[in-house]
Each structure stands twice: as C-alpha cells, then as structure tokens.
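Fold and contact review
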Amino acid sequence: MLSFISLLNYTINYCKATQGNEKNSPEDDEYVEDVVCCESDIAENQMKVFDLKDAGKVLLVRQRGKIHALGTKCTHYGAPLVNGALGDGRVRCQWHGACFNIETGDIEDFPGLDSLPCHQVTVENCKVKVRAKRSALENPKRVKSMSKKLKSDNQHYVIIGGGPSAAVCVETLRQENFTGTITMVCKENHLPYDRIKVSKIGDFDIDTNQFRTPQFYKENDIDVILGVPAVKLNTVSREVSLENGQTLKYDKLLLATGSHPAFLDVPGSNLKNIVTLRYFEDGKYLASLLTPETDVVINGSSFIAMEAAAYCLDKVNSVTIVARSKVPFKLALGEEVGFAFMKLFKAKGIVFRISNSITGIKDDGTGKVGSVELADGSTLKADVLILGIGSKLCTDFLEGSGVDLKNDGSIDVNSYLQTNVPNVYAAGDIVFAPIYSHGNKKATIGHFPLAHYHGRIAGLNMLGKKEELRAVPYFWTSLFGKNVRYAGNGSFEDVIYEGNVEELKFVAFYINRDEEVVAASSCGMDPVVSQFAELLYQGQKLYKKDIDRDHLGWISRLTPEPVKPIDERN
C-alpha cells in the first residue's frame with residue numbers, strides 16, 4: 001500500500017510541457033480522463049501502451065518510482081516507442097535514434113522537429129489514472145510554443161543554410177524566447193525538407209516533405225530567403241553578401257551550408273544524363289530518365305550509391321555498380337557485412353564491377369551518355385550514369401572571411417559550435433566538431449540526425465546558454481527492405497557479431513586497438529543500436545571483455561536502479 005508521501009509524489013506527476021499555449025493544444029480543448037491500468041501492471045523501468053477510453057492510446061513509462069504518460073509514436077516517422085530504447089530519463093526511437101524526455105516529452109536528439117504529447121498521471125488506491133487533451137491523443141506531434149518578434153528588439157540573427165541544422169536552429173531561437181529578427185537564407189528554392197529521400201525514393205512530393213509550411217515561418221516571425229546562396233562573408237563589418245546583390249547585417253551568424261556531391265573528373269564528364277543525388281531536383285531528374293530500356297551505371301558503392309541502385313532496379317533494364325573497393329561499406333560496417341549486402345544485391349540482379357573505376361565517358365551522338373570506359377579496358381553501355389563518390393563542403397565563399405578553414409574546407413569549432421570568430425557559429429556537415437561518444441575527439445560527419453542536433457546546440461549557444469555538445473553519431477539506411485542502424489564513431493580493428501550476418505539479422509560491435517567498442521551496427525535486431533547509442537550518451541564505455549562475456553548483457557546498465565518502496569528502505 002502506498003504511503004502518503006509516495007501518493008503525493010504521484011498525484012503531482014503531471015507534464016508541464018502540455019500546460020500552456022502549445023501549438024496543437026488549444027486552451028478550450030476537451031479533456032479525457034480515466035483509469036488505464038493498475039499500478040502493478042507496469043514494472044520499474046518498463047514501457048507499456050494502454051487505451052485511454054476510446055480517445056486514443058498512451059505510452060506509460062515507469063522510472064524512479066514515477067509513472068509518466070506520453071504519446072506512443074516517434075514524431076519523425078511514427079515508430080512505436082514502446083519498442084524503443086529506454087535510458088535514464090528518456091526514450092530513444094529504435095528506427096532512427098530520435099530521443100524524448102520522459103517527464104516533458106520534449107525532443108532531445110533527432111531527427112524530426114516535434115516533441116511528444118505528455119499527459120497528467122495520478123495514482124490513487126493503486127489505480128493509474130491519465131488525464132489528456134483529446135487533441136493531444138489524436139495528434140502524435142507537439143510543436144513547442146515560440147516567442148514573437150518585438151519591434152523594440154533590434155538584434156538580427158542570420159542563418160545561412162536550408163538543411164536540418166538551419167531548420168532546428170531557427171525554431172530553437174524562437175522556443176528559447178529570442179525576440180529579434182531571424183533570417184534563414186536557403187540556396188535551394190525550397191524550405192528545409194527530408195533530403196534523405198532523394199536517393200531512396202527519387203521523385204517525391206516536395207510540398208508534403210518540407211519540414212514546415214511557409215505559413216509556419218510567417219506565423220513565427222522567421223524570415224526566409226529562398227533560391228539565393230551566400231557568396232561572401234565579412235566578419236569585421238558583420239555582413240553577408242548574397243548572390244542577388246543583397247547584403248545582410250548580423251549580430252550573430254550560423255553557417256550551415258552543408259555539402260555538394262563530388263563530380264567525376266574524366267573525359268566526357270560534361271555530358272547529359274550524368275546524375276548526382278543531393279537536391280530534390282536531382283531525384284526528380286533521375287526519375288525522368290528511367291525507363292524499362294534504360295541501362296544504369298553507378299559509380300561508387302557508398303550508401304547513397306547503393307540506395308540509388310536499389311531504387312532504380314525495378315524501373316530499368318539493368319543496373320551495374322562500378323567500385324574501387326571489393327565490397328560496399330567496408331570502412332563503415334566491415335567486410336563481412338559488406339559481402340552480405342553485395343550478395344543480396346547480386347541476387348536481385350545488380351552487377352558489380354569491383355576493384356575498378358571509370359576512366360572515360362562516351363557520347364551517344366546526341367550529347368548524352370552512351371557508354372563508360374573502365375580502368376580494366378572494358379566498356380559498359382550506359383544510358384544514365386549516377387555518381388555516388390562522396391561530397392565536398394560548401395565553404396568556398398568563406399575564403400578571406402576571417403573564419404578559419406581546414407584543408408578539406410571544414411570549419412574547426414569548439415564544444416559550443418563556435419568558430420574562431422566569437423559571434424559566428426557553424427553546424428552540420430561543414431564542421432570539424434567534438435564527438436562526445438568518442439572521447440570528444442573531433443571529426444567531420446555528414447549525418448542527417450547529427451545536423452539536426454547541431455542546430456539545436458548552436459541555437460542555444462547563440463543565445464548565451466553555454467550548452468556543450470554531447471554528440472553520438474547515428475545513421476541508417478534501408479536496402480531492399482533490410483534496415484541497417486549504426487551508432488558511434490571511430491576506426492576499428494576487430495568486429496564481434498551477434499546473430500547471423502549472411503541472413504542479414506545481426507548486431508556488429510566494432511572494436512578499436514584499445515579493445516573499446518567504438519560503434520555498433522545492426523540489421524533486423526532493433527532496438528540494440530539505439531540502446532548502444534544511449535549507453536554512449538550516458539558516458540559509459542563498452543569493451544571487448546564485456547561483449548565476450550555476454551553480447552547483450554550490457555543493456556541492463558542503461559536504466560537506473562529500481563526505486564524500493566519506502567517501507568523496504570533501510
């Protein structure tokens with residue numbers, strides 16, 4: 001039986017995030033309230049889904065003696081969070097790594113922009129009662145409230161970029177009560193969108209895949225300039241020059257210009273029907289070229305190249321991958337995993353020309369690609385050539401600006417994403433930044449979720465919050481229905497497997513020379529990689545000896561020790 005103190009703790013366990021003027025929670029909204037379960041139905045450090053009358057479902061999470069009620073689905077792609085990774089005070093999505101605070105529902109790591117609905121919980125006579133707004137049960141996403149621009153605030157924060165870093169940064173500024181002018185400058189003619197679909201889906205509806213609508217930015221006093229790249233930065237006068245001749249004065253600046261695809265420097269590289277996959281128009285263009293008679297050659301075996309091959313296969317006559325490496329993904333996922341995916345692709349009908357490269361591109365007589373010449377002297381018929389050979393950073397315009405650039409064009413930043421110029425910050429693909437999960441060693445990493453997270457941290461620090469990076473890289477891919485997750489960072493010398501790699505149902509642990517597990521990948525074994533990412537986020541380390549004893553025994557370290565009832569203490 002609960003003591004009075006325990007009961008009091010429960011009855012005040014409501015979610016502050018749902019109180020007030022949230023975007024999808026009008027003040028006059030109807031409430032739904034009912035007992036959803038007995039207290040004994042949910043154990044410490046457990047997550048369960050329950051019905052709240054006929055209005056919807058809630059995710060209950062019990063930790064440190066408290067029961068919390070949240071939305072049931074990840075706000076990114078709708079994954080059921082009951083199957084996610086529960087850490088210390090937050091749950092991480094098993095699909096793509098987004099994290100949500102279990103007390104507030106706030107998003108803490110990404111991808112996605114929105115937080116979870118969070119509902120009031122009371123426990124009386126061992127019955128768990130949940131009170132929720134009906135709209136919060138119907139809408140799985142909660143948009144945090146934002147401040148408005150004030151005429152009296154003359155500050156101007158400029159964000160250069162139209163990707164996830166920029167998108168998250170501008171929202172963070174408003175969420176944290178910045179009332180000055182915000183201007184986001186996008187090189188593309190589109191608002192920030194779900195760029196990862198370019199190589200996976202090709203032609204998609206850009207309007208429904210933009211993170212936010214034009215109306216959203218208008219309502220939140222965020223000025224957006226589309227289709228205009230920045231061409232010059234003067235950090236002395238604090239001015240950004242745009243290609244259209246416009247000049248923007250700034251008080252603080254975020255550089256989040258991302259990268260662009262690398263091109264092939266061989267004879268014939270100026271022909272038509274050579275495709276790179278970075279922008280929405282690239283995917284649309286590729287889709288327009290594919291017919292049942294088309295022969296596609298793909299240069300490279302990167303993740304984007306392999307995704308493009310999978311996308312093209314059922315739309316064309318043939319797909320051939322030309323790659324220098326013997327197997328795809330060797331440096332990231334290891335040779336054994338690479339061989340397993342090569343075997344899958346071959347079984348689907350994709351041809352590999354490994355340990356090879358393209359040395360020339362021949363015209364078909366109309367200014368289009370007709371064939372490609374390989375280093376081994378052979379020739380391949382090619383109606384379309386897709387390049388998946390890496391990327392280059394979009395920082396050329398910063399030459400002479402006063403912002404220090406490394407030899408590869410990346411920007412060296414500190415743990416606050418601050419450049420050598422105090423009022424200039426940088427985020428996303430272009431930064432050489434500390435990686436918390438790798439002992440704060442610096443690296444340049446072009447991961448979609450990490451770019452989101454950088455935007456959040458940059459926004460907080462532009463406002464003087466002194467929030468240090470706590471980055472745990474996370475990425476994924478999907479190839480012929482096989483979903484790969486990866487978390488961590490660092491070179492490795494050994495790999496330990498759980499499961500069956502040939503059947504593409506495995507977890508792989510990547511071990512460095514110090515016998516530390518620096519990364520993990522999986523296929524068909526969710527949520528292990530998200531659990532590993534949470535372990536790294538908590539500052540814990542995993543070693544080969546831990547894996548040798550029990551490949552998955554470390555998972556029990558993620559959550560805090562169960563809280564004992566008051567009458568059992570001492």
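Residues numbered from 1 in each chain as written. Predicted model: local features only at pLDDT ≥ 70, side-chain atom pairs only at ≥ 80, totals over all residues. Heavy atoms only, no water.

An unreviewed UniProt entry annotates the chain as Rieske domain-containing protein originating from Cryptolaemus montrouzieri. A UniProt comment under Cofactor (unreviewed entry) is attached to the chain, and it reads "FAD". Taken directly from UniProt, the Sequence similarities (unreviewed entry) text for the chain runs: "Belongs to the FAD-dependent oxidoreductase family." (UniProt positions renumbered as here; feature names shortened; annotations may be inferred.)

Within the chain, the secondary structure is distributed over 13 helices and 36 strands. Taken over the C-alpha trace, the chain has a radius of gyration of 25 Å; the compact-globule value for 570 residues is 25 Å, and the two agree within 12%. Once the C-alpha set of the chain is aligned to its principal axes, its extents read approximately 85 × 60 × 45 Å. By sequence separation, contacts in the chain at least 24 residues apart represent 61% of the contacts at least 6 residues apart. If you sum the accessible surface of the chain, you get close to 24400 Å²; carbon and sulfur atoms cover 47% of it. Positive and negative charge centroids in the chain, built from 66 and 72 side chains respectively, lie 2 Å apart. (Helix = DSSP H or I, 4+ residues; strand = E, 2+ residues; numbered from the N terminus. Rg over C-alpha atoms; globule rule 2.2 N^0.38 Å. Contact = heavy atoms within 4.5 Å. Areas by Shrake-Rupley, 256 points an atom, 1.4 Å probe, with all protein chains shown as cover. Lys, Arg positive; Asp, Glu negative; His and termini not counted. Charge placed at Lys NZ, Arg CZ, Asp CG, Glu CD.)

Bringing the sheet that holds strand β25 (residues 379–381) into the picture now. Spatially, the three strands line up as an open sheet ordered β23-β24-β25, and their pairing is antiparallel. Strands at the two margins of the open sheet, each flanked by one partner only, are β23 (358–363) and β25. Here the strands of the sheet are splayed against their neighbours by 25° on average, with no regard to which way each runs. Relative to strand β24 (residues 369–374), β23 is paired through five bridges, and the arrangement is antiparallel. Along β24, the bridge assignment pairs G360 with E373. (Pairing = 2+ DSSP bridges. Axes fitted to C-alpha atoms, helices over the stretch in contact; angles between N-to-C directions.)

Time to look at helix α12 (residues 528–537). α12 sits mainly inside the fold: nine of its 10 residues count as buried. Three or more residues of α12 are buried, namely V528, V529, S530, Q531, F532, A533, E534, L535 and L536. Positioned one or two residues after α12, G539 has a phi angle of 85°, which is positive. (Buried < 20%, exposed > 50% of the residue type's maximum accessible area, 1.4 Å probe, protein only.)

The subject of this paragraph is the nonpolar core. The nonpolar side chains of a soluble globular protein tend to be buried, and buried together. Of all hydrophobic cores here, the largest spans 80 residues; its most connected members are I159, I160, L253, L254 and L255. Sequence-distant contacts of I159, defined by excluding residues within four places in its chain, comprise A166, C169, V170, L173, I182, T183, M184, V185 and L254. Ranked by size, the runner-up nonpolar core spans 52 residues in total, among them C312, L333, A340 and V484. (Core = buried A, V, L, I, M, F, W, Y, C linked by side-chain atoms within 4.5 Å.)

The next thing to look at is unusual backbone geometry. Residue P527 follows D526 across a cis peptide bond; omega there is 5°. Looking at the element boundaries, P527 is found in the loop between β36 (517–523) and α12. Of note in the backbone geometry, D221 takes a positive phi value of approximately 55° without being a glycine. Note on placement: D221 falls in the loop between α6 (214–219) and β13 (222–225). Its relative accessible area of 22% is what places D221 among the partly exposed residues. Of note in this structure, N440 is not a glycine but carries a positive phi near 60°.

With that settled, the discussion passes to the pairing of strand β30 (residues 431–435). Within β30, four of the five residues are buried, which leaves it mostly tucked inside the rest of the structure. Pairing of strand β28 (residues 411–412) with β30, which is carried by two bridges, proceeds in the parallel orientation. Paired with D412 across the strands is F432, a residue of β30. Summarising the sheet, β30 and strand β31 (residues 441–443) pair through three bridges and their orientation is antiparallel.

Let us look at the sheet that holds β31. Sheet architecture is open: three strands sit in the order β28-β30-β31, paired in mixed fashion. Each of the sheet's edge strands pairs with one partner strand only, and the pair in question is β28 and β31.

Let us look at the pattern of salt bridges. This model, assessed by the stated rule, comprises 30 salt bridges. Residue R134 pairs with E30 through a salt bridge whose shortest N-O separation is 3.2 Å. Within this pair, whereas R134 is found in helix α2 (residues 134–138), its partner E30 is found in the loop between α1 (4–11) and β1 (31–38), the two being separated by 104 residues in sequence. Under the relative-accessibility criterion, R134 is labelled partly exposed at 23%. (Salt bridge = Lys/Arg side-chain N within 4 Å of Asp/Glu carboxyl O.)

So, about the environment of T366. Relative to the assigned elements, T366 resides in the loop between β23 and β24. Judged by relative accessible area, T366 falls into the exposed class, the value being 53%. C-alpha of T366 to C-alpha of A85: the two residues are 281 residues apart in sequence and 55 Å apart in space. A distance of 2.7 Å separates the side chain of T366 from the side chain of D364, its partner in a polar contact. (Polar contact = N/O pair within 3.5 Å; in protein donor to acceptor, adjacent residues only side chain to side chain.)

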